[in-house]
Amino acid sequence: MLYDIIIIGGGVTGCCIARTLSKYDLKICLLEKEADIAGGTTKANSGVVHAGYSSPREFQKRNLCIKGNSLYTQAQKELNFPFKRIGSFVCALEDNQIKGLEEERKEGIEDGIPGLEVILDKKTIKKMEPKLTDEIVGVLHAPSAGIVSPYEMTIALAENAAMNGVKFFRNQNVKKISHSDYTFIIKTENGEFEGSNVINAAGLWAGKISKMVGLDYFDILPRKGEYILFDRNALQLNKVLFPVATKVSKGILVCPTVHGNTFVGPNAQNITDKKDNATTTAGLKEVLEGAISLVPNIPARSSIRNFAGLRAIPTGKYDFIIDNTDIWGFINVAGILSPGLTSCYAIAEKVEDFLELLGLNLTVKEDY
Ligand SMILES: Cc1cc2nc3c(=O)[nH]c(=O)nc-3n(C[C@H](O)[C@H](O)[C@H](O)COP(=O)(O)OP(=O)(O)OC[C@H]3O[C@@H](n4cnc5c(N)ncnc54)[C@H](O)[C@@H]3O)c2cc1C
């Protein structure tokens, strides 16, 4: 069978693209190397649907995040996954941090982020989030931020795509791609697949997949983030709480989950092994100390689980790589670091535009 589109990678990026394209009258399949989907970076992250003020304006991930955030409301209506728009605070603990929050607010509003406000009145802040430290000086409140269950959303996307005709093949580790005459032949450990267009959404391994067709212009490096999850009865929060961001990370947050727990994390540690998702004593200590500066009464003894996730960091620019490449029909959707979960619906729309440029007949199916 010759597929119109083969998607490599069954994380949130690949599954969201699959679901978005499943409305068209096209033959599509998705290849995932593991026994199930959503087992990569999609499984272990903060699950925050970011408002979009934090990425630099020159990066495409900023606009894709803002747009992606706005697309969540409709997606949840259609797919019914756990998602709550609870809002976030960036928490300034020193007076000299307020200027930065004001700048983020101003630029965010200019870029279309709804409802951004800087709140300086301590009473108002504490009323909105009583667990926050008394040291709080001011917050940037983003009411459009939310929380989602990343893997449940990805499963919902995949199920809907499958219902609409996308074929999912698991245990298909892509090993080799050859291409000629506008056709790609993909060899996996367990089979062979033929397609006219290929979308590389292989997360940490996207650089390796790109190299298989001779496109050697980026690599992906892992950056670990560790977390501690607490018992539901130990701490309840109203808002996602961020510290003021650093250059490499949004910092260690204290955050509710859609299931009613609270977690703290992540830290940011560059590593070399793309399979190393072990937590460390030093890492968990760092996470706990960071969290305590925002919420002093962190219930350290009520931890029920530690885990770590690996960010897919592209070499070069700290931005998504979403390219309609020089190889006709081969699209890279790589380096999907944070806020990739938030941006997935907007990323899928961008891929849709590429496919239209490539001449695919995007006719919506009657029974979609
Ligand atoms: C610590 C941390 C915190 C984060 N917090 C947030 C957040 O709060 N909000 C947010 O918006 N984003 C967040 N992110 C980013 C978000 O998690 C990612 O952008 C998103 O999960 C990327 O999904 P993906 O599908 O691109 O990659 P993945 O989920 O890694 O999926 C790639 C898939 O490709 C498969 N694959 C790889 N190689 C092959 C091959 N050869 N053959 C077949 N299949 C293959 C893998 O098995 C995997 O299933 C965070 C990330 C981390 C690590």
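A.B. asks: Mind showing me how you'd approach the site of the ligand here?
C.D. replies: Taken together, 38 residues are adjacent to the ligand, and T13, E32, T42, I336 and T342 come closest. The contact in question runs from an oxygen atom of the ligand to an N or O atom on the side chain of T13, over 2.7 Å. I336 is positioned such that a nitrogen or oxygen atom in its backbone is 2.6 Å from an oxygen atom of the ligand. In isolation the ligand offers 1,000 Å² of accessible surface; the protein chains occlude 97% of this area. Per-class residue counts for the shell around the ligand are 16 nonpolar, 18 polar and 4 charged.

A.B. asks: Help me understand helix α2 (residues 60–79) in this model?
C.D. replies: Quick reminder: α-helices carry 3.6 residues per turn. Residues three or four places apart thus point the same way. The terminal C-alpha atoms of α2 lie 27 Å apart, and with 20 residues this matches the ideal 28 Å at 1.5 Å per residue to within 8%. Taken as a whole, α2 carries its principal kink of about 35° at Y72. For α2, every residue scored as buried is listed here: K61, R62, L64, C65, I66, G68, N69, Y72, A75 and L79.

A.B. asks: Mind showing me how you'd approach the sheet that holds strand β8 (residues 146–148) here?
C.D. replies: The antiparallel open sheet is built from 3 strands, whose spatial order is β3-β8-β4. The open sheet is flanked by β3 (48–49) and β4 (83–84), the only strands paired with a single partner. Bridge count for β4 against β8 is 2 bridges, and the pairing is antiparallel. From the neighbouring strand, K84 faces β8, where its bridge partner is I147.

A.B. asks: Hey, could you run me through the pattern of salt bridges in this one?
C.D. replies: For the structure shown, the criterion picks out 19 salt bridges. The residue R19 makes a salt bridge to E78 at a minimum N-O spacing of 2.9 Å. Of this pair, R19 sits in helix α1 (residues 12–21) while E78 sits in helix α2; the two residues are 59 residues apart in sequence, bridging distant segments of the chain. Taken together, the salt bridges that share partners define one network made up of R57, R62, K106, E107, E110 and D111.

A.B. asks: How should unusual backbone geometry be read in this particular structure?
C.D. replies: Leaving glycine aside, a negative phi is the common case for residues, and trans is the common case for peptide bonds. Between G265 and the following residue, P266, the backbone shows a cis peptide bond with an omega angle of 0°. Put simply, S338 and P339 share a cis peptide bond, and its omega is 10°. With respect to the element layout, P339 can be found in the loop between β20 (330–334) and α8 (340–357). Despite not being glycine, N80 has its phi angle at roughly 55°, a positive value.

A.B. asks: What am I meant to see in the domain arrangement of the protein here?
C.D. replies: Accessible area lost upon the coming together of the parts serves often as the stated size of an interface. What the domain assignment lists for the protein is domain 1 (2–43 + 151–218 + 317–357) and domain 2 (85–146 + 221–314). The gap between the C-alpha centroids of domain 1 and domain 2 is 31 Å. Contacts between the two partners involve 16 residues from domain 1, matched on the other side by 13 residues from domain 2. Interface of domain 1 and domain 2: buried area, both sides summed, is about 1,100 Å²; carbon and sulfur atoms make up 60% of it. By the criterion of area lost to domain 2, the three top residues of domain 1 are L204, W205 and Y318, representing 47% of everything that side buries. At the surface where domain 1 touches domain 2, the tally comes to 5 residue pairs in polar contact (both at pLDDT 80 or more).

A.B. asks: Where do I start with the state of the cysteines in this structure?
C.D. replies: Throughout this description, disulfide means a covalent bond between two cysteine sulfur atoms. Going through the model one piece at a time under the given rule, you end up with 0 disulfides. For C344, which is in no disulfide, the shortest distance to another cysteine sulfur is to C16 and amounts to 3.8 Å.

A.B. asks: Would you take a moment to explain the pairing of strand β10 (residues 174–180) for this structure?
C.D. replies: Each regular strand displays side chains that alternate between the two surfaces of the sheet. As paired elements, β10 and strand β11 (residues 183–188) share 6 bridges and run antiparallel to each other. Counterpart to V174 in the pairing with β11 is T188. Between β10 and β11, which pair antiparallel and follow one another directly, the connecting turn spans 2 residues, one of which, D181, has a positive phi of 45°.

A.B. asks: Honestly, the side chain of S144 in this entry has me stumped. Any pointers?
C.D. replies: Here S144 lies in the loop between β7 (138–142) and β8. Overall, S144 belongs to the buried group, its relative accessible area being 7%. The contact partners of S144, leaving out residues within four places of it in the chain, are V49, A51, N69, R85, I113 and P114.

A.B. asks: Help me understand the packing of helix α5 (residues 150–163) against α8, please; the structure alone is not making it clear to me.
C.D. replies: The description of two packed helices rests on the angle between their axes and on the distance between the axes. It is at 11 Å that the axes of α5 and α8 come closest, and there the two elements cross at 20°. Judged on the interaxial angle alone, α8 and α5 are roughly parallel. In the crossing of α5 with α8, the sense of the turn from one axis to the other is left-handed. Taking contact as the criterion, the partners of P150, M153 and L157 in α5 are, on α8, L341, C344 and Y345. Tallied by class, the residues present in the contact of α5 with α8 amount to 6 nonpolar, no polar and no charged.

A.B. asks: Can you walk me through the nonpolar core in this structure?
C.D. replies: Counting 48 residues, the largest nonpolar core has Y72, M153, I199 and Y345 as its most contacted members. At the level of elements, β1 (2–8), α1, β2 (28–31), α2, α5, β20 and α8 are the ones that each hand at least two residues to this core. When residues in this core are grouped by element, the largest group, 9 residues, is from α8. When near neighbours in sequence (up to four residues on either side) are disregarded, M153 contacts V12, Y72, F81, V148, L341, C344 and Y345. I8, A206, I271 and A312 belong to the second largest nonpolar core, which has 26 residues in total.

A.B. asks: I'm lost on the side chain of S46 in this one. Help?
C.D. replies: With respect to the helices and strands, the residue S46 is situated in the loop between β2 and β3. A residue is classified by how much of its surface remains accessible, and S46, at 16% relative accessible area, is buried. Of the polar contacts made by the side chain of S46, one reaches the side chain of Y227; its length is 2.7 Å.

About the criteria used
Residues numbered from 1 in each chain as written. Predicted model: local features only at pLDDT ≥ 70, side-chain atom pairs only at ≥ 80, totals over all residues. Heavy atoms only, no water. Near = heavy atom within 4 Å. Polar contact = N/O pair within 3.5 Å; in protein donor to acceptor, adjacent residues only side chain to side chain. Areas by Shrake-Rupley, 256 points an atom, 1.4 Å probe, with all protein chains shown as cover. Nonpolar A, V, L, I, M, F, W, Y, C, P; charged D, E, K, R; others polar. Helix = DSSP H or I, 4+ residues; strand = E, 2+ residues; numbered from the N terminus. Expected span 1.5 Å × (residues − 1). Bend = angle between axes of the 7 residues up to and from the residue. Buried < 20%, exposed > 50% of the residue type's maximum accessible area, 1.4 Å probe, protein only. Pairing = 2+ DSSP bridges. Salt bridge = Lys/Arg side-chain N within 4 Å of Asp/Glu carboxyl O. Domains from an automatic or database assignment. Contact = heavy atoms within 4.5 Å. Buried area = accessible area lost by both parts, 1.4 Å probe. Disulfide = S-S within 2.5 Å. Axes fitted to C-alpha atoms, helices over the stretch in contact; angles between N-to-C directions. Parallel < 35°, antiparallel > 145°, perpendicular 65-115°, else oblique. Left-handed = near helix turned anticlockwise from the far one by under 90°. Core = buried A, V, L, I, M, F, W, Y, C linked by side-chain atoms within 4.5 Å.

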